[in-house]
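Descriptive analysis of the structure
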Amino acid sequence: MSRIGIVGAGAWGTALAHSMAENDHHTLLWARNDAVAAQVNNQHQNPGYLGAIALSVRLRATANLARAIADADFLFLATPAQTTAHTARMLIDHGVKQRTAIICCAKGLDQNNGKRVSETLADFLPDNQIMVLSGPSFANDVASGLPTAVTLACNNMQAALAACKTLSSNTLRLYASGDMCGVELGGALKNVMAIAAGIVKGARLGESAKAAIIARGFVEMERVAEAYGARSETLKGLSGLGDLVLTCGTEQSRNYSYGLSLARSSADPSQKLAEGAYTASSAKRLAERLGVEAPIITAVADVLAGDQTIAEAVESLTSRPVKAELD
């Protein structure tokens, strides 16, 4: 069994840590404060993020980052995409070892430079093996032991396959991919589409319009990713279409819920933690740089920036010139 460190004791980090511990890996979860670590260790719960879900008695937590990462074979980063550079600096400062494989679990693009999360990590940690975990997965489902399948991507396909064999369990199945670009863009862009789907639902535009947004949104995701260099089949997998279906269909999705709130004029500033709210502007700039037409991404970015109202965005989408569906 492997030694696993999890950086970030939010819902997703805690769920992953629970799953790894239940699979008999030596797992240490890093929390920012002692109180959360104590709750995990003593009550076997993280009520602030996962309510009353019981966590593995084999899972241990610590507020000491150096301890959490010291002997890790695999290190999961369950921190927001926009904090990746800061997290990487912390890892360096606390002595992360070059032999440790780093698995990024964030889904987003850097709003400052448009980089994928793995690119930012590689800038700071060029000697570590970088991997990406993405796919249709709610933390509550994973922590509850419900069957979940996700994609683990690495530029070294053999390393991805080996990691999948090591880390998969009966309840959390990992599929290997050598297309990090496609897996990351699928995870990042679907968040923008989930906001769009939430807006459609919240504005009471109907289920037909919602289905159209999801279908046309997927086309945009695929085109942007392909233009960037990803493989189109990757977007049709778990980390693209699979995650899009999940996040556009339920209020459990933070991005979908944020779109709902925007349309209902009830958005709470705290909801801006939704990754798609940060990624939209970067995705718009990326599509423009690649010369890809992306009207839904653009509409979401413009609404979030205050450059268009929702009504104006709907008008801009519905008044576009008629063309063949596959053009």
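One structure accompanies this document, and this report is about it. (Residues numbered from 1 in each chain as written. Predicted model: local features only at pLDDT ≥ 70, side-chain atom pairs only at ≥ 80, totals over all residues. Heavy atoms only, no water.)

On to the packing of helix 9 (residues 180–202) against helix 13 (residues 254–263), then. At a minimum axis distance of 6 Å, the contact between helix 9 and helix 13 shows a crossing angle of 40°. Here helix 9 is positioned oblique relative to helix 13, judged by the angle of their axes. Like other packed secondary-structure pairs, helix 9 and helix 13 cross with a definite hand, here right-handed. Residues Asn191, Ala194, Ile195, Ala197, Gly198, Ile199, Lys201 and Gly202 of helix 9 form the contact with helix 13, whose participating residues are Asn255, Tyr256, Tyr258, Gly259, Leu260, Leu262 and Ala263. (Axes fitted to C-alpha atoms, helices over the stretch in contact; angles between N-to-C directions. Helix = DSSP H or I, 4+ residues; strand = E, 2+ residues; numbered from the N terminus. Parallel < 35°, antiparallel > 145°, perpendicular 65-115°, else oblique. Left-handed = near helix turned anticlockwise from the far one by under 90°. Contact = heavy atoms within 4.5 Å.)

Among all positions of helix 12 (residues 238–247), only Ser239, Gly240, Asp243, Leu244 and Thr247 are buried. Across the axial projection of helix 12, the buried residues extend over an arc of 115°, all falling on one side. Looking at the packing, one finds that the buried side of helix 12 touches strand 6 (130–134), strand 7 (148–154), helix 9, helix 10 (207–228), helix 11 (232–235) and helix 13. (Buried < 20%, exposed > 50% of the residue type's maximum accessible area, 1.4 Å probe, protein only. Arc of directions from axis to C-beta.)

The subject of this paragraph is unusual backbone geometry. Phi is positive for His44, close to 55°, though the residue is something other than glycine. Mapped onto the secondary structure, His44 falls in the loop between helix 2 (34–43) and helix 3 (47–50). Judged by relative accessible area, His44 falls into the partly exposed class, the value being 21%. The backbone of Arg204 sits at a positive phi, close to 55°, despite the residue not being glycine.

Let us now look at the nonpolar core. Counting 41 residues, the largest nonpolar core has Leu185, Leu189, Val224 and Ile297 as its most contacted members. For this core, the secondary-structure elements that each account for two or more residues are helix 9, helix 10, helix 13, helix 14 (275–290), helix 15 (295–305) and helix 16 (310–318). Here this core gets 12 residues from one element, more than from any other, and that element is helix 9. Setting aside residues no more than four positions away along its own chain, Leu185 makes contact with Leu109, Arg116, Lys190, Ala225, Tyr228 and Leu286. One finds Val36, Phe74, Ala143 and Leu167 within the second-largest nonpolar core, a separate group that totals 39 residues. (Core = buried A, V, L, I, M, F, W, Y, C linked by side-chain atoms within 4.5 Å.)

Another point: the packing of helix 15 against helix 16. It is the contact of helix 15 with helix 16, at a shortest axis distance of 10 Å, that shows an interaxial angle of 165°. With respect to helix 16, the element helix 15 is oriented roughly antiparallel. When you trace helix 15 past helix 16, the crossing you get is right-handed. Facing Pro295, Ile296, Ala299 and Val303 of helix 15, the residues of helix 16 in contact are Ile310, Ala313 and Leu317. Counted by class, the contact of helix 15 with helix 16 contains 7 nonpolar, no polar and no charged residues. (Nonpolar A, V, L, I, M, F, W, Y, C, P; charged D, E, K, R; others polar.)

Attention now moves to the pattern of salt bridges. Summed over all chains, the structure comprises 14 salt bridges. In this structure, the salt-bridge partner of Glu184 is Arg116, at a minimum N-O distance of 2.9 Å. Here Glu184 is found in helix 9, whereas its partner Arg116 is found in the loop between strand 5 (101–104) and helix 6 (117–124), with 68 residues between them in sequence. Relative accessible area serves as the criterion here: at 8%, Glu184 is assigned to the buried category. Close ionic contact of Lys284 with Asp302 constitutes a salt bridge, the shortest N to O distance being 2.7 Å. On the criterion of sequence distance, the pair formed by Lys284 in helix 14 and Asp302 in helix 15 is long-range, its members being 18 residues apart. Exposure remark for Lys284: the relative accessible area of 21% places this residue in the partly exposed category. Here Asp302 falls in the buried class, since its relative accessible area comes to 13%. Residues joined by salt bridges that share partners form a network here, namely Glu22, Asp24 and Arg58. (Salt bridge = Lys/Arg side-chain N within 4 Å of Asp/Glu carboxyl O.)

Take it as geometry only, folks, not as evidence of what the structure does.
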